[in-house]
Each structure stands twice: as structure tokens, then as C-alpha cells.
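# A look at the structure
Read off the chains here:
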Amino acid sequence: HDHLITSKQLSRADVETVLDRAAEIDADPSAVADRHAGSLLGLLFFEPSTRTKMSFEAAMKRLGGDVVDMGSVESSSVKKGETLADTVRVIEGYADALVLRHPKQGAATMASEFVDVPLLNAGDGAGHHPTQTLLDLYTIRENAGLEDLTVGIMGDLKYGRTVHSLAHALTNFDARQHFVSPESLRLPREVVYDLHQAGNGAGIREHESLEEVLPSLDVLYVTRIQRERFPDENEYQKVAGEYQIDLETLEAADDDLTVMHPLPRVDEIAPEIDDTEYAAYFEQAHNGVPVRMALLDLLLSNGGETDE
Ligand code: CP
């Protein structure tokens, strides 16, 4: 079945298929305005979301379809103790595809074993967020191109699921990847292992300071310290406020640098950067709609069956 759980599932050809379709849709959204009339997308968000949830909803509605939304944990029968397995088995009967966000890493993999309709992982704890990766790659392609690319990924590399997904996907494009974080928030060793397994080990470097790599970057991908994932608030306080950028920081950068962030930001990017040529993070958030339209169109047109 066409579940999308991690970016490791996506080949370069898969990514290009989605991005090319997204570009077509972006150029002429009216061409697909009724394409999935009558189709329903089930939204199951066990954690807060603004962008992912609303852009999936906008995408489905712009394809002529609609959504059925479980609502918050507080307002659903999850509150009465219903399991995730039972919840997805019930909601798959109401919808043609499911989108799941959950605080537990591995939740999407487990849930996908209980359903026949496509299940899209919209973030599983500190695990993966593959649809964010597709819109990140779309944004990179538009701003810097995906060939001969040098990317810096900075901030919370331990708990940042958008980072784990993006790093894997970039191995398809042989990007040079510089990971910048405090020692305590380095990439998990299993992610580094997987990047090496994907054949991109030589392109990976880890740093504690942005200074040494900033001039070489085409893209700087900044992330929020994921406070909600820290087992101990004291540990969060030790690293809070580190790895912020402002216009002074960017004086050492190439003029063509593209600054990205999956958002929400707290204080990692000074607002003075927002109106400069560097900033691509709001465009990035907006790209969530055409990219998710493309993904849903490909999945729903396929009848939920995989070609592979
Ligand atoms: N980038 C992202 O996943 O944002 P939300 O948490 O608002 O969905």
C-alpha cells in the first residue's frame, strides 16, 4: 500500500515526480479544481499543528475533495482511552486516505499496519516528517536548485524530525550536508549510520559553530529547539537561545544564500531577515499546499495501489 512513513522510502525519481506535479499544479491550480470531488481525507492530529494540518486541508479542498477531522485528543474518544490502532481502523472507513501526526516515534509505522487506505506520516515524535521534506525540496529546487548543493542544517538535530527526513532525502541528490548543533543535540547516531548506508557519508560533516561553514552554503536550514521533546526542562534551558541568526550573522554568507525554517520559529531567526532576499521560510510554508496537492493527487489517482 502507498503509505508514506519516512523519506527513506522516496527515491530521487519519486521525489522528482511529486515536485514536477507540484510545479504543474502551482502554475495552474484551476486545472485540478474538481479532480478529486467526492474524495475525503481523514485528519488525525494527536499533537498541535498549524501548517501541516491546514495545508493538507487546503490541498484536499483545492482538489475538489474535503476532510474529516478527528479534532483534538481532548475532544475525541482518544480521551476515553481508545487505542491508536482502533482509532485508525475506524477512521479509514470514513476516508480515502489518512494523515497522522502523533507524539510517539514509530506511531505511523504501527498505525499503517492496521489500515488499507494510504496513510501519510505528518510527524511521529522525533522520527520523521516526510511531507515536510517534499515541500522543503520543492523550495530548495526553486531557490537554489538541487544540483551541486551545499546545505547547512542547524539547531535541534536530535529531536528535529524535519531534519531527519530532509537529511535522508538529500542523499538522493548527493548534497554536501553540514550539521551545526550543540554537542547535546547532534544527529542521532542511527541517522548518521543511515546516511552513510545511503552512500552519502563522505558528504556529511558535523560542527558546533556556524561560522566555519556559513560562507560555503547555498541553503541554511534553521530549526527550533524542540522543547516538548526534552525529558528534563533543565536540559532545555542549557541550550535555549543558542544558534540564532540575524543580519549581522549573515554578513559572512553568500549573497545568494537561501534561509529556510520549517516553522514555527521561536527566536532562531531575527525578524529583520524576513523581508530580505535570504528569507524563504514563508514561501516554504506556502509551498505546502501545491506539494500536498501533488502528493494527494498521485495517491488518490492511483486508487491507493502502488506501482512498485
Ligand atoms: N512545519 C510544521 O510541521 O509545522 P506545524 O507543526 O505547524 O504543522
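The structure under discussion appears in the preceding block.
Right, let's walk through the structure included here. Quantities reported herein were computed from a predicted structural model and do not represent experimental measurements.

Attention now moves to the sheet that holds strand E6 (residues 176-180). Strand order in the open sheet made by the five strands is E7-E6-E5-E8-E9, with parallel pairing throughout. Looking at the sheet topology across the chains shown, the edges are occupied by strand E7 (204-207) and strand E9 (258-260). Across the sheet, the mean angle from the axis of one strand to that of its neighbour is 20°, orientation sign disregarded. As judged from the three bridges shared by strand E8 (residues 219-222) and E9, these two strands associate in the parallel manner. Following the sheet pairing, Val-219 is matched in E9 by Thr-258. Its contacts with the sheet place helix H5 (residues 130-143) against E8 and E9, and it is angled at close to 165° to E9.

Turning next to the site of the ligand. The immediate surroundings of the ligand are formed by Ser-49, Thr-50, Arg-51, Thr-52, Arg-101, His-129, Gln-132, Pro-262 and Leu-263. Within the complex, 91% of the 260 Å² of free accessible area of the ligand lies under protein. Looking at the shell around the ligand residue by residue, the class counts come to two nonpolar, five polar and two charged. Two domains each donate at least three residues to the shell around the ligand, and these are domain 1 (7-128 + 287-301) and domain 2 (130-285).

Looking now at the nonpolar core. The biggest cluster of nonpolar side chains holds 55 residues, and the ones touching the most others in it are Leu-41, Leu-137, Ile-153 and Leu-296. The dominant element in this core, judged by the number of residues it contributes, is helix H10 (residues 288-301), at eight residues. Both domain 1 (7-128 + 287-301) and domain 2 (130-285) contribute no fewer than three residues apiece to this core. Apart from the residues lying within four places of it in its own chain, the contact partners of Leu-137 are Val-15, Leu-19, Leu-146, Leu-166, Ala-169, Leu-170 and Phe-173. Counting residues in each nonpolar core, the second largest holds 19 residues, with Met-154, Val-222, Leu-257 and Tyr-281 among its members.

Okay, helix H2 (residues 51-62) next. When the terminal C-alpha atoms of H2 are compared, their 16 Å separation across 12 residues agrees well with the 16 Å that a helix rising 1.5 Å per residue should span. Within the span of H2, buried status applies to Thr-52, Lys-53, Ser-55, Phe-56, Ala-59 and Met-60. For H2, the secondary structure elements touched by its buried residues are strand E1 (40-45), strand E2 (66-69), strand E3 (97-102), strand E4 (119-124), H5 and H10. A positive phi of about 90° marks Gly-64, the residue just after H2.

Reading guide: rules and limits
- Sequence order as written defines the numbering, with residues in each chain counted from 1.
- The predicted origin of the model limits local features to residues at a pLDDT of at least 70 and limits the giving and counting of side-chain atom pairs to 80 or more, whereas totals for whole chains, interfaces and linings rest on all residues.
- Only heavy atoms go into the side-chain values, all of them from the structure, while hydrogens and water stay out.
- One requirement defines pairing of two strands: DSSP has to find at least two bridges between them.
- Each helix is a run of H or I in the DSSP string that is no shorter than four residues. Each strand is a run of E no shorter than two, and both are numbered from the N terminus.
- Convention adopted: a line fitted to C-alpha atoms gives each axis, helices being fitted over their contacting stretch, and angles between N-to-C directions are expressed from 0 to 180 degrees.
- Whether two residues touch is decided by their heavy atoms; if any such pair falls within 4.5 Å, the residues are in contact.
- Nearness is defined per residue: one heavy atom within 4 Å of the molecule or strand is enough.
- Where accessible areas are quoted, they stem from the Shrake-Rupley method and a 1.4 Å probe; at the residue level, only the protein chains shown are allowed to cover.
- Residue type decides the class: Asp, Glu, Lys and Arg count as charged, Ala, Val, Leu, Ile, Met, Phe, Trp, Tyr, Cys and Pro as nonpolar, and the leftover types, Gly among them, as polar.
- For the domains described, the bounds stem from an automatic or database domain assignment.
- In this text, buried Ala, Val, Leu, Ile, Met, Phe, Trp, Tyr and Cys residues form a nonpolar core when linked through side-chain atoms within 4.5 Å.
- Summary of the burial criterion: residues with accessible area below 20% of their type's maximum are buried, those above 50% are exposed, and those between are partly exposed, where the area comes from a 1.4 Å probe applied to protein chains only.
- One fewer than the residue count of a helix, multiplied by 1.5 Å, yields its expected span.

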